[in-house]
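Here are the chains, one letter per residue:
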Amino acid sequence: MKKILLVDDLEASRKLLATRLKSAGFEVILAGDGAEAVSVATTQLPALILMDMRLPVKDGWTATRELRAQETTADIPIVALTAYDSIPQQRQCIEAGCNAVEIKPVRFKQLVEIIGRHLPANGS
Amino acid sequence: MSGPREIQIKTVPDRALLATIQHELRTPATNIAAYTKMLLEESPPAYTNDLGEILKASNILLDSISDLVQLGESLRSAPDCTDGPDGATRLRHDLRSSIDIIAGYVDFLLERTEAQNDKKIHGDLLRISRLAEEMIDVVNRITSGIGSDEQKSEYLNQIHPDLTLVTRALRTLQNLDVTPVRPESPARVLLVDDNEQNRDLMCRHLRRDGHHVYIAENGRDALQMLREDYFDIVLLDIIMPEINGYEVLVEMRSDKRLRQIPVIMISSIEEIDSVVRCIELGADEYLPKSFNPAMLRARLAASLEKKRLRDREQHYLEQIRIERERSERLLTDILPYAIVERLKNGEKIIADDVKSVTVLFCDLVGFTEFSSRLSAIEVVRRLNEIFLRFDSLVENYGLEKIKSIGDAYLAVGGLTATNPDHAAAIARLSLDMRDTVVELNKFHVDPLQFRMGIHTGSIVAGVIGRKRFTYDVWGDAVNIASRMESQGVPGKIQVSEATYHLLKDVYEFEHRGSIEIKGKGEMSTYFLLGTR
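Per chain, residue numbering runs from 1 following the sequence as it is written. Each chain gets a letter, beginning with A, and each ligand a number, beginning with 1, in the order they are written. It should be noted that, the model being predicted, local features are given only for residues of pLDDT at least 70 and side-chain atom pairs only at 80 or more, the latter also being counted only at that level, while totals for whole chains, interfaces and linings use all residues. Values shown for side chains rest on all heavy atoms present in the structure; no hydrogens or waters enter the calculation.

Peer 1: Please set out the overall build of chain B residue by residue, giving values where relevant.
Peer 2: For chain B, the helix and strand inventory stands at 17 helices and 15 strands. Here chain B, with 532 residues, has 49% of them falling under the buried criterion. Note on areas: these come from Shrake-Rupley sampling with a 1.4 Å probe, and a residue is covered only by the protein chains present in the view. Accessible surface, chain B as shown: approximately 26,300 Å² in total, 51% of it carbon and sulfur. What counts as a helix is a DSSP run of H or I of at least four residues, what counts as a strand is a run of E of at least two, and both are numbered from the N terminus. For every residue, the accessible area (1.4 Å probe, protein chains only) is compared with the maximum for its type, and the residue is labelled buried under 20%, exposed over 50%, or partly exposed between those bounds.

So, in structure tokens, the structure goes:
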């Protein structure tokens with residue numbers, strides 16, 4: 001079972017997505033801020049990270065840059081799941097190292113598809 | 001909302017522009033909250049948690065939308081602020097986050113309810129889903145940027161129905177020159193709103209409470225329906241195409257038939273001005289779009305109750321008016337009209353010296369002895385037969401009947417301004433009275449005789465007595481007229497010299513001679529025979 005790290009500061013969002021991802025067959029781990037995201041990712045090494053950009057303590061862009069800078073986490077695919085919709089902000093995500101940017105709200109079916117596209121072929 | 005249009009928040013956003021955005025966002029957001037609350041009441045406990053999350057998110061959404069006003073203020077006061085994401089960006093972010101949660105939970109619930117075949121809940125969830133999409137459309141169209149006034153006006157000139165509507169509503173507000181429960185029984189409610197969701201929501205609440213709800217989609221239809229049918233109360237949206245709610249309200253208040261119908265204004269414009277103006281225009285209540293169903297119920301009941309009280313008051317006032325008229329009529333039966341007017345005006349004592357009047361006494365000869373032979377009813381019938389006709393004659397000639405005592409009848413001419421030639425009028429009256437008695441005698445086995453006496457002179461007239469009061473006359477002239485009668489001859493009308501001199505050119509007289517008048521001495525008298 002693939003492990004997905006879900007990073008979002010809103011509990012309601014986390015709860016919902018976690019439930020749905022679990023019933024879709026994924027293992028889900030959670031983080032509520034940028035710092036937690038980096039530490040959990042480093043220790044748990046998920047197969048993919050869904051990262052909200054507006055986060056307390058450390059924002060999503062910074063967290064992404066840090067993860068890219070670490071050898072152990074550099075290759076984990078990161079999908080930005082953000083409510084920031086302006087072009088400059090989207091560019092910011094890519095430049096920080098995200099593999100893809102999805103603007104909220106995202107339909108769950110669509111999300112599953114996107115995850116499928118970015119997950120590594122083997123279960124590493 | 002059709003076609004892609006850019007709504008630009010400039011560094012100094014236009015008031016109407018902001019109001020438009022608020023309106024466009026608030027309408028669906030409010031409805032999402034409302035549908036969710038209804039679902040919470042109607043759905044099985046399995047869904048309560050998730051519905052609760054939707055409700056929470058929609059409330060946060062509404063808060064963000066309210067913050068638009070602050071956004072406008074802050075941008076106006078610090079247009080050059082480039083520190084961090086600007087206000088518009090933050091706003092869109094917050095809107096998206098909340099909508100994301102709502103859409104997510106709705107999606108999840110839709111999956112589950114489809115499986116369970118819960119059609120009703122499914123339907124409402126679909127509605128919420130569509131509303132969320134609607135909101136994303138609006139959010140997508142809000143772009144931030146710095147533009148010139150030219151660009152700004154260009155956008156404002158683009159045909160944007162809601163903007164026009166809101167601006168028009170605001171303009172109507174400025175230009176208007178206008179000076180200003182659980183219910184016991186179901187009401188006929190006219191609901192006027194151009195938005196289908198709003199109508200649907202309100203309708204359901206109202207029907208649940210047992211009211212009969214009728215719909216109008218715009219102001220024109222509403223006015224037509226109001227004119228053709230009867231409604232207890234109107235729920236009126238302010239922002240509508242063609243004719244807005246203010247205009248409907250003004251129209252209603254100026255139409256006599258519609259004026260009394262209570263009106264509850266509903267709108268998402270939350271400026272205090274608009275509330276005040278609505279009340280000044282004559283609205284009975286004001287409800288914000290994000291209403292609490294309990295508040296709707298309470299305000300509806302309050303307005304209906306007010307109307308019922310008003311109706312009852314009108315009814316009572318009408319009753320009072322009828323009674324007052326009745327009292328006046330009774331009084332004018334007893335007293336001359338002019339005297340009643342004087343009493344109404346506050347005169348406490350009615351006592352007049354009248355220089356020149358003509359007094360007529362008429363007595364039915366032998367009536368006393370006559371009445372002893374008849375039953376009470378027959379006596380009254382006989383007297384009424386004659387006196388009622390006398391009364392009509394007196395009224396015809398504009399004279400005053402003073403009273404009748406037993407079988408004696410007293411009339412006076414010259415008390416009111418209506419008849420300056422009172423002597424002639426009395427003369428004509430006496431002749432008619434003579435003819436009446438003669439005529440009536442034909443119908444009876446026992447004919448009646450009369451004696452009449454007439455004199456012209458000065459008298460005192462006034463209202464005497466407190467209970468069973470009358471308007472009466474006193475004085476020498478009255479006594480003389482009385483003597484003319486009592487010392488007269490059956491079947492004859494005896495007039496004094498004074499009256500004779502006034503009438504000798506028009507009427508025919510027979511000189512009777514001189515008679516001794518008790519207390520007066522010798523007087524020359526004449527019999528009135530007829531006109532020349």
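Peer 1: Please give an account of the side chain of Ser43(B) that cites residues and values.
Peer 2: Residue and element names in this part refer to chain B. Looking at the element boundaries, Ser43 is found in the loop between α1 (15–42) and α2 (48–77). Exposure remark for Ser43: the relative accessible area of 10% places this residue in the buried category. At 2.7 Å, the side chain of Ser43 and the backbone oxygen of Leu39 are in polar contact. When checking whether two residues touch, look at their non-hydrogen atoms; a contact exists if any pair is within 4.5 Å. Not counting residues up to four positions away in its chain, the partners in contact with Ser43 are Leu51 and Ile121. Think of a polar contact as two N or O atoms within 3.5 Å of one another; within protein, one of them needs to be a possible hydrogen donor and the other a possible acceptor, and neighboring residues in sequence only count if both atoms come from side chains.

Peer 1: Just give me the short version of the interface of chain B and chain A, but keep the residues and values in it.
Peer 2: Every contact between the two is made by 21 residues of chain B and, on the other side, 19 residues of chain A. Two parts lose some accessible area (1.4 Å probe) when they are put together, and adding that loss for both gives the buried area. Considering only the surface of chain B that becomes buried against chain A, His93(B), Arg96(B) and Asp100(B) emerge as the three largest contributors, covering 31% of it. What counts as a salt bridge is simple: a side-chain nitrogen of Lys or Arg found within 4 Å of a carboxyl oxygen of Asp or Glu. Between Arg92(B) and Asp85(A) there is a salt bridge whose closest N-O contact spans 2.9 Å. Where the side of chain B that touches chain A is concerned, the elements lending two or more residues are α3 (87–116) and α4 (119–141) of chain B. For the side of chain B that touches chain A, the leading source of residues is α3(B), giving 15 residues. Ten residue types, Ala, Val, Leu, Ile, Met, Phe, Trp, Tyr, Cys and Pro, are classed as nonpolar, four, Asp, Glu, Lys and Arg, as charged, and the remainder, Gly among them, as polar. A per-class count over the side of chain B that touches chain A returns eight nonpolar, five polar and eight charged.

Peer 1: Just give me the short version of the sheet that holds strand β6 (residues 263–267) of chain B, but keep the residues and values in it.
Peer 2: All names here are of chain B. An order of β4-β3-β5-β6-β7 is seen for the five strands of this open sheet, with the pairing classed as parallel. Strands at the two margins of the open sheet, each flanked by one partner only, are β4 (212–216) and β7 (285–288). Between one strand and the next, the sheet's axes are offset by a mean angle of 20°, whatever the strand orientation. In this description, strands pair whenever DSSP reports at least two bridges between them. Both strand β3 (residues 188–192) and β4 contribute to a ladder of five bridges, which runs parallel. Opposite Val192, over in β4, you have Ala216 as the bridge partner. All axes are obtained by fitting lines to C-alpha atoms, using only the stretch in contact for helices, and the reported angles, taken between N-to-C directions, cover 0 to 180 degrees.

Peer 1: Help me get a handle on a nonpolar patch on the surface, residues and values and all.
Peer 2: Taken together, the side chains of Val460(B), Ile464(B) and Trp474(B) make up a nonpolar region of the molecular surface, amounting to roughly 240 Å² of accessible area. Counting through the fold element by element, Ile464(B) comes out in strand β11 (residues 449–464). Patch membership needs two things, relative accessible area over 30% and no salt bridge, and members are linked within 9 Å if like-charged or within 5 Å if nonpolar (Val, Leu, Ile, Met, Phe, Trp, Tyr).

Peer 1: Explain the sheet that holds strand β3 (residues 48–51) of chain A to me, using residue names and the numbers behind them.
Peer 2: Either a parallel or an antiparallel arrangement is found when strands of a sheet pair, and the pairing is made through backbone hydrogen bonds. All names here are of chain A. Here we have five strands laid out as an open sheet, ordered β2-β1-β3-β4-β5, and parallel in their pairing. Two strands in the sheet have a free side with no partner beyond their single neighbour: β2 (27–31) and β5 (100–103). Neighbour-to-neighbour, the strand axes of the sheet open up by a mean angle of 20°, direction not taken into account. Of the pairings in the sheet, the one linking strand β4 (residues 78–82) to β5 comprises four bridges and is parallel in character. Bridged to Ala80 within β5 is Val101. The strands that helix α2 (residues 34–44) touches are β1 (3–7), β2 and β3; relative to β2, the one it contacts most, it runs at about 145°. Its contacts with the sheet place helix α3 (residues 60–69) against β3 and β4, and it is angled at close to 160° to β3.

Peer 1: Describe the pattern of salt bridges, listing the residues and the values that go with them.
Peer 2: If you walk through the whole model with that rule in mind, you get 46 salt bridges over all chains. Between Arg20(A) and Glu111(B) there is a salt bridge, and its shortest N-O distance comes to 2.9 Å. Here Arg20(A) is found in helix α1 (residues 11–23), whereas its partner Glu111(B) is found in helix α3 on a different chain. Across the salt bridge formed by Arg54(A) and Asp94(B), the nearest N and O atoms sit 2.9 Å from each other. Here Arg54(A) is found in the loop between β3 and α3, whereas its partner Asp94(B) is found in helix α3 on a different chain. Because the salt bridges share partners, they merge into one network encompassing Arg20(A), Arg107(A), Asp107(B), Glu111(B) and Glu133(B).

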